[in-house]
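Below, each chain spelled out in residue letters.
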Amino acid sequence: FLYQNMKAWYVPKLGFENLALITDRVKPRITGQYDILIKNIAVGINPADWKRCGRGEAPFSAAPFLLGNDGCGVIEEVGTAVDSNVYKPGKLVYYLTNGFQNGCFSDYTVQDARAISLVPEKALRNKDIKDVAVTFASLPVAAFTAYTNVCIKLRLPIFPQSKSSNPKFYKNILVTGASGGVGGFILQYLK
């Protein structure tokens, strides 16, 4: 059985001076029944990436590790419990990695099928797949950050519910920096 090597941004020990692009990283393999092997097309860079690299801030794991939280790529292989009618090889998916495991700044990554999303077919119509991948690779961290701020910190419902879990239901909320990724998602959730 031959292993294919890949490129990856590797942090052997904390500090930007140690960040290295390596070319001999072994391509990951599916080991779990819900795993999906993804050939990455685009990845998103976030503050969490440089914080983890430079300072190893909690709750992230210690070095060594691969960087990267946001990714978008094409499915190459699926585990035995993955619905292969939905997650077919060749489909474009986007995802948020688990910050406690290796990241996605690499040619390939393995992700849990229960934590990825398919890029809608209509987003791909008459567009270059690379352009679409860049757009979708920028979404997961911003969307999740906004979600945690609205639903966990403010405890406001974003889906139809009978009432908020917050004893002070806010009628007016000011969102500063709403033109950025997180602010844009917060506005959509609050609407």
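Residues numbered from 1 in each chain as written. Predicted model: local features only at pLDDT ≥ 70, side-chain atom pairs only at ≥ 80, totals over all residues. Heavy atoms only, no water.

A. Structural context of the nonpolar core. Among the nonpolar cores identified, the biggest contains 15 residues, and I36, L67, Y87, V93 and I116 are the most heavily contacted of them. Counting only elements with at least two residues in this core, the list comes to β3 (35–44) and β6 (92–96). Ignoring anything within four residues of it in the chain, the contact list for L67 reads W9, V11, L19, D49, C53, G103, C104 and F105. A42, V119, L124 and A137 belong to the second largest nonpolar core, which has eleven residues in total. (Core = buried A, V, L, I, M, F, W, Y, C linked by side-chain atoms within 4.5 Å. Buried < 20%, exposed > 50% of the residue type's maximum accessible area, 1.4 Å probe, protein only. Helix = DSSP H or I, 4+ residues; strand = E, 2+ residues; numbered from the N terminus. Contact = heavy atoms within 4.5 Å.)

B. Structural detail: unusual backbone geometry. Positive phi, close to 60°, is recorded for N126, a residue that is not glycine. With respect to the helices and strands, N126 occurs in the loop between α2 (121–124) and α3 (129–137). On the basis of relative accessibility, which here comes to 83%, the residue N126 falls in the exposed class.

C. Geometry of helix α1 (residues 47–55). Of the residues making up α1, those classed as buried are D49, R52 and C53. One face of α1 carries all of its buried residues, which in axial projection span an arc of 95°. Along its buried surface, α1 packs onto β1 (5–11), β3 and β4 (65–66). (Arc of directions from axis to C-beta.)

D. Local environment of the sheet that holds strand β2 (residues 20–26). Strands sit in the order β2-β1-β4 across an open sheet of three strands; the sheet is antiparallel. Two strands lie at the open edges of the sheet, namely β2 and β4, each paired on one side alone. As paired elements, β1 and β2 share five bridges and run antiparallel to each other. Looking at the pairing, M6 lines up with R25 of β2. (Pairing = 2+ DSSP bridges.)

E. How the structure looks around the side chain of D35. Tracing the backbone shows D35 in strand β3. Buried and unpaired, D35 has no salt bridge, with R114 as the nearest side chain of opposite charge at 7.0 Å. At 3.0 Å, the side chain of D35 and the backbone nitrogen of T31 are in polar contact. Of the polar contacts made by the side chain of D35, one reaches the backbone nitrogen of G32; its length is 2.7 Å. Setting aside chain neighbours within four positions, we find D35 in contact with I30, E77, V78, G79, V82, V110 and Q111. (Lys, Arg positive; Asp, Glu negative; His and termini not counted. Salt bridge = Lys/Arg side-chain N within 4 Å of Asp/Glu carboxyl O. Polar contact = N/O pair within 3.5 Å; in protein donor to acceptor, adjacent residues only side chain to side chain.)

F. Structural view of the sheet that holds β3. Ordered by their spatial adjacency, five strands build an open sheet running β7-β3-β5-β6-β8, and the pairing between neighbours is antiparallel. In this open sheet, the two edge strands, each paired with only one partner strand, are β7 (108–112) and β8 (116–118). Averaged over all pairs of adjacent strands, the angle between strand axes in this sheet comes to 45°, irrespective of strand direction. Where β3 lies against strand β5 (residues 70–78), eight bridges are found, and the strand directions are antiparallel. In the strand pairing of β5, A42 is matched with C72. Each of β5 and β6 touches helix α4 (residues 140–153); the most contacted strand, β6, lies at about 45° to it. (Axes fitted to C-alpha atoms, helices over the stretch in contact; angles between N-to-C directions.)

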